[in-house]
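Each chain, written out:
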Number of protein chains: 2
Amino acid sequence: MTKSKESPESAGSEQRRLQMVDIARLAGVSVSTVSRALNGSELVNAETRQRVAELARSLNYSINFGARNLRLQENKTVAVVVPYDARSRQHISDPFFLSIVGAIADALTDRGYDMLLSRVDAERLDQAAHWVDSGKAIGVILIGQWRQHDQLNDMAARKLPLVVWGGEMPQQLYASVGGDNVLGGTLATRHLLQLGRRRIAFFGDAKLPEVWLRRQGYAQALREVGLEVDAALELAAPFEPGVATDVVRQFCQSRRDFDAVFCCSDVLALLASQALRAAGRSVPTDVAVVGYDDMPLAAYCDPPLTTVHQPVAEAGVALVEALLAQLAGERPTLRTMPVHLMRRASAPDVIA
Amino acid sequence: MTKSKESPESAGSEQRRLQMVDIARLAGVSVSTVSRALNGSELVNAETRQRVAELARSLNYSINFGARNLRLQENKTVAVVVPYDARSRQHISDPFFLSIVGAIADALTDRGYDMLLSRVDAERLDQAAHWVDSGKAIGVILIGQWRQHDQLNDMAARKLPLVVWGGEMPQQLYASVGGDNVLGGTLATRHLLQLGRRRIAFFGDAKLPEVWLRRQGYAQALREVGLEVDAALELAAPFEPGVATDVVRQFCQSRRDFDAVFCCSDVLALLASQALRAAGRSVPTDVAVVGYDDMPLAAYCDPPLTTVHQPVAEAGVALVEALLAQLAGERPTLRTMPVHLMRRASAPDVIA
DNA sequence: TTGAAAGCGCTAACAA
DNA sequence: TTGTTAGCGCTTTCAA
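Residues numbered from 1 in each chain as written. Chains lettered and ligands numbered in written order. Predicted model: local features only at pLDDT ≥ 70, side-chain atom pairs only at ≥ 80, totals over all residues. Heavy atoms only, no water.

The name given to chain A in an unreviewed UniProt entry is LacI family DNA-binding transcriptional regulator, and the organism recorded there is Pelomonas margarita.

A. Main features of the overall build of chain A. Counting its secondary structure elements, chain A contains 12 helices and 12 strands. In terms of overall size, chain A is more extended than a compact globule, its C-alpha atoms giving a radius of gyration of 27 Å where 352 residues would be expected to give roughly 20 Å. Dimensions of chain A, computed from the C-alpha atoms along their principal axes, are close to 85 × 40 × 40 Å. Burial statistics for chain A: of 352 residues in total, 55% are counted as buried. For chain A, contacts bridging at least 24 residues in sequence account for 70% of all contacts bridging at least 6. Taking the average location of the 38 positive side-chain charges in chain A and that of its 40 negative ones, the two points are 3 Å from each other. (Helix = DSSP H or I, 4+ residues; strand = E, 2+ residues; numbered from the N terminus. Rg over C-alpha atoms; globule rule 2.2 N^0.38 Å. Buried < 20%, exposed > 50% of the residue type's maximum accessible area, 1.4 Å probe, protein only. Contact = heavy atoms within 4.5 Å. Lys, Arg positive; Asp, Glu negative; His and termini not counted. Charge placed at Lys NZ, Arg CZ, Asp CG, Glu CD.)

B. Structural detail: the domain arrangement of chain A. If you check the domain split of chain A, you get domain 1 (11-62) and domain 2 (181-309). In this structure, domain 1 of chain A and domain 2 of chain A have C-alpha centres spaced 62 Å apart. (Domains from an automatic or database assignment.)

C. Seen up close, the environment of H191 of chain A. All names here are of chain A. Within the secondary structure, H191 sits in helix α8 (residues 181-194). Look at H191 and you get buried, because its relative accessible area is 2%. A C-alpha to C-alpha distance of 9.0 Å links H191 and V290, two positions 99 residues apart in sequence. Apart from the residues lying within four places of it in its own chain, the contact partners of H191 are T306, L341, R343, A347 and D349.

D. Focus on the interface of chain A and chain B. With 42 residues of chain A in contact, the opposing surface of chain B contributes 43 residues. For the pairing of chain A and chain B, the buried interface totals around 4000 Å² over both sides, and the portion due to carbon and sulfur atoms is 56%. Here chain A and chain B share six salt bridges between them. Ionic pairing is found between R277 of chain A and D302 of chain B, a salt bridge with its closest N-O pair at 3.4 Å. (Buried area = accessible area lost by both parts, 1.4 Å probe. Salt bridge = Lys/Arg side-chain N within 4 Å of Asp/Glu carboxyl O.)

E. A look at the nonpolar core. Ranked by size, the top nonpolar core spans 148 residues in total, and within it I104 of chain A together with I104 of chain B carry the most contacts. Ignoring any residue separated from it by four or fewer positions in sequence, one finds I104 of chain B in contact with V80, M115, I141, I143, G316, L319 and V320 of chain B. Among the nonpolar cores identified, the runner-up in size contains 58 residues, and A201 of chain A together with L235, A269 and A298 of chain B belong to it. (Core = buried A, V, L, I, M, F, W, Y, C linked by side-chain atoms within 4.5 Å.)

F. Spotlight on the sheet that holds strand β8 (residues 260-263) of chain B. Residue and element names in this part refer to chain B. With mixed pairing, the six strands of this open sheet are ordered in space as β7-β6-β8-β9-β10-β12. Edge positions in the open sheet fall to β7 (234-235) and β12 (340-342), since each of these has one partner strand only. Here helix α9 (residues 209-224) sits on the sheet and contacts β6 (200-203), β7, β8 and β9 (288-293); the angle it forms with β6, its principal contact strand, is near 170°. (Pairing = 2+ DSSP bridges. Axes fitted to C-alpha atoms, helices over the stretch in contact; angles between N-to-C directions.)

G. Representation of the UniProt feature "domain: HTH lacI-type" (unreviewed entry) in chain A. The feature "domain: HTH lacI-type" (unreviewed entry), as given by UniProt, occupies residues 20-72 of chain A in the numbering adopted here. Along residues 20-72 of chain A one finds 70% helix and 0% strand; the C-alpha atoms at either end are 16 Å apart. (UniProt positions renumbered as here; feature names shortened; annotations may be inferred.)

H. Broad picture of the packing of helix α5 (residues 95-110) of chain A against helix α12 (residues 312-327) of chain A. Residue and element names in this part refer to chain A. Closest axis-to-axis distance for the α5/α12 pair is 8 Å, and the angle between their directions is 55°. With respect to α12, the axis of α5 lies oblique. As α5 packs across α12, the resulting crossing turns out to be right-handed. In this structure, α5 contributes F96, S99, I100, A103, I104, A107 and L108 to the contact, and α12 contributes V312, A313, A315, G316, V317, L319 and V320. (Parallel < 35°, antiparallel > 145°, perpendicular 65-115°, else oblique. Left-handed = near helix turned anticlockwise from the far one by under 90°.)

I. Structural context of the relation of the copies chain A and chain B. Screw-axis analysis of chain A against chain B gives a translation of 0.0 Å along the axis, an RMSD of 0.0 Å, and a rotation angle of 180°. Here the two chains are linked by the operation of a two-fold rotation axis. Using C-alpha coordinates, one finds that chain A approaches the rotation axis most closely at L116 of chain A, a distance of 2.3 Å. Most of the interface of chain A is mirrored in chain B, where 100% of its interface residues are also at the interface. (Least-squares fit on C-alpha atoms with pLDDT ≥ 70 in both.)

J. Examining the pairing of strand β4 (residues 162-165) of chain A more closely. Residue and element names in this part refer to chain A. Judged by which residues are buried, β4 turns out to be covered on both faces: L162 and V164 on one side and V163 and W165 on the other are all buried. As defined by bridge partners, strand β3 (residues 139-143) adjoins β4 across four bridges and the pair is classed as parallel. Within β4, the residue paired with L142 across the bridge is V164. In the classification by handedness, the crossover that spans β3, the intervening helix α7 (residues 149-157) and the parallel β4 is right-handed. In this sheet, strand β5 (residues 175-179) lies alongside β4 in parallel orientation, the contact comprising three bridges. Along β5, the bridge assignment pairs V164 with S176. (Right-handed = clockwise from strand over helix to strand, strands pointing away.)

K. Up close: the packing of aromatic side chains. Residue and element names in this part refer to chain A. If you walk through the whole model with that rule in mind, you get 17 aromatic pairs over all chains. Here F97 and W146 contribute two aromatic rings whose centre-to-centre distance is 6.1 Å and whose plane-to-plane angle is 65°, an arrangement assigned as edge-to-face. One end of the pair, F97, is in helix α5; the other, W146, is in the loop between β3 and α7, and 49 residues separate them in sequence. We note that F97, like W146, is buried. An angle of 75° between the planes, with centres 5.7 Å apart, marks the rings of F202 and F262 as edge-to-face. Pair noted here: F202 is in strand β6 (residues 200-203) and F262 is in strand β8 (residues 260-263), with a separation of 60 residues, a long-range link. In this structure, F202 and F262 share a single accessibility class: buried. In this structure an aromatic cluster arises from ring pairing among F96, F97, W146, W165 and F239. One residue, R281, lies across the ring of F258, its end atom 5.0 Å from the ring centre. (Phe/Tyr/Trp six-rings, centres within 6.5 Å; stacked < 30°, edge-to-face > 60°. Lys NZ or Arg CZ within 6 Å of the ring centre and 35° of its normal.)

Listed below in structure tokens is the structure:
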């Protein structure tokens with residue numbers, strides 16, 4: 001058995017956490033009554049309810065959620081999982097992902113849910129399921145689908161409550177929320193074309209669904225003016241700055257036949273700008289740069305970054321709503337949110 | 001009572017979560033044996049243990065931690081709390097705070113703890129205590145002490161397991177981990193002085209302990225060369241970009257009698273650089289800029305930011321260790337970690 | 001309007 | 001080596 005209820009505070013200082021039974025004793029009622037009073041049940045005398053509630057408050061009592069959840073078979077915790085690249089041991093560091101996490105935190109808090117934050121190997125997104133399997137969380141919000149479309153489909157097939165931030169894919173079974181990546185790619189590219197740029201490079205790893213879609217938008221905008229994608233102007237730069245730096249530098253040094261670059265993240269855009277300057281080419285005069293995400297710092301860079309704005313706060317809400325809808329029994333949904341171009345100096349309407 | 005054990009799966013698809021009793025029935029042993037087997041107890045036949053473990057694995061069973069924790073009176077969840085400014089409704093957005101959160105996530109994961117992430121009104125840091133009071137977490141890691149030194153002391157007096165990222169204060173009862181702010185201020189200022197700068201502005205809200213300490217280092221470095229702090233060169237800029245932008249712009253436009261500025265965050269340094277350029281002054285030629293934190297993007301700005309590097313990963317570990325030490329019964333400790341200057345182009349050794 | 005008692009899923013003391 | 005049983009702190013049915 002557990003240690004018998006030792007005589008009054010054996011150790012003295014060792015103060016046991018207050019629980020309902022204590023309130024009950026002090027109020028001279030039963031535990032059931034305390035429970036009812038604290039939950040605002042109609043089944044308890046108004047005066048008693050008042051008295052118990054006040055006592056609890058004055059003693060700074062707060063309920064043991066573990067016990068409550070066990071009894072009620074309920075849980076208000078959501079796991080938010082940020083993938084990391086296992087090979088480079090990169091941290092969660094892209095400012096955009098972190099902004100999304102902040103937005104989700106807000107949305108969850110507003111709805112009375114708690115947020116368990118963790119990281120997972122980007123190759124093993126399926127491991128995120130353990131949060132639900134172990135009962136620690138009721139559902140999972142995953143930041144980015146990476147290359148694991150199939151793993152995600154498997155998870156959804158297992159009826160795991162799951163929402164992924166990312167792009168819409170063919171044959172997708174899991175719920176997702178994402179920006180309109182095709183539109184984003186189109187807006188960015190059209191803008192550069194309107195500036196008179198014709199040799200527009202594309203930086204981003206098209207094996208990732210979001211990047212793949214942005215590339216479609218890019219290709220479409222080129223086609224609108226009768227241009228084709230030039231494979232020589234594409235660079236499969238990853239999102240992790242550590243890994244991307246070298247390839248970006250190399251590209252900027254070796255290839256000079258481009259007058260603009262569309263980068264699939266703001267961080268990449270910063271890297272590119274730096275590499276271009278290092279190669280003796282000015283931004284935006286020689287090469288105009290457009291980023292993606294509109295991270296909080298984008299406006300404060302030099303030159304301030306023209307970039308595709310993603311609606312972060314709304315995305316947080318949408319992700320949470322999509323998860324709660326599944327928990328309420330609805331089927332997983334795909335949602336695409338509008339994006340727009342933030343025009344700043346890195347790809348200015350009029351070249352200074 | 002709870003709903004009686006309805007006849008075989010009333011709803012059909014509605015699959016109840018697997019629990020020990022299921023494994024026990026299938027393995028033909030008692031629940032205790034399953035429990036023992038899964039916990040690797042010596043008290044169970046090796047063969048049985050093997051069989052049960054395999055069965056559990058094949059069925060994808062995972063334990064209900066809520067129940068386990070309740071029974072064991074244990075909990076491996078830590079609350080990480082990021083304050084926000086209630087007036088401006090600012091998000092967690094400073095990249096440095098977010099990096100720290102990432103580092104803490106790693107450190108906790110490595111030690112088998114889960115992380116509950118939440119935000120709290122910077123005026124009411126004491127509300128972070130509810131995570132522990134409610135049993136949802138065993139301790140709190142707070143990112144920044146802000147102006148609430150007294151609230152934090154009260155929490156510590158209540159024996160709340162708590163560690164704060166921030167500066168050491170007189171009469172401090174709560175545990176803290178922080179960078180060596182005085183040293184950081186000194187290094188930054190000395191560097192600027194060595195470049196021949198003499199009119200060095202200070203951007204940061206000295207009501208915050210960390211900034212206060214950095215200002216001491218700044219003042220000390222000035223004194224070393226026979227200079228005094230000039231109140232006219234101080235700007236109480238807050239950390240939130242939204243709020244800071246205006247005051248920084250105004251300062252940079254109105255006051256021209258400074259040739260360097262020491263900013264208490266990298267974001268502030270970016271803001272300042274932009275405001276200076278807008279006012280027609282070049283960085284670093286006219287005004288050298290030094291930031292603080294060495295956020296991941298600092299190296300990719302233009303010009304790359306000279307800044308005081310804070311050891312983020314080590315800080316995450318130190319915060320977690322400090323909390324675990326308290327949980328093991330040790331007294332709260334104050335810890336200061338070394339910082340160093342990252343020399344980059346915003347305050348170059350040789351002016352180009 | 002209240003209290004007694006059962007039980008959420010698990011662990012461990014005790015008995016066999 | 002295994003099973004039986006009590007109980008972690010809470011909610012709720014049932015009886016009073």
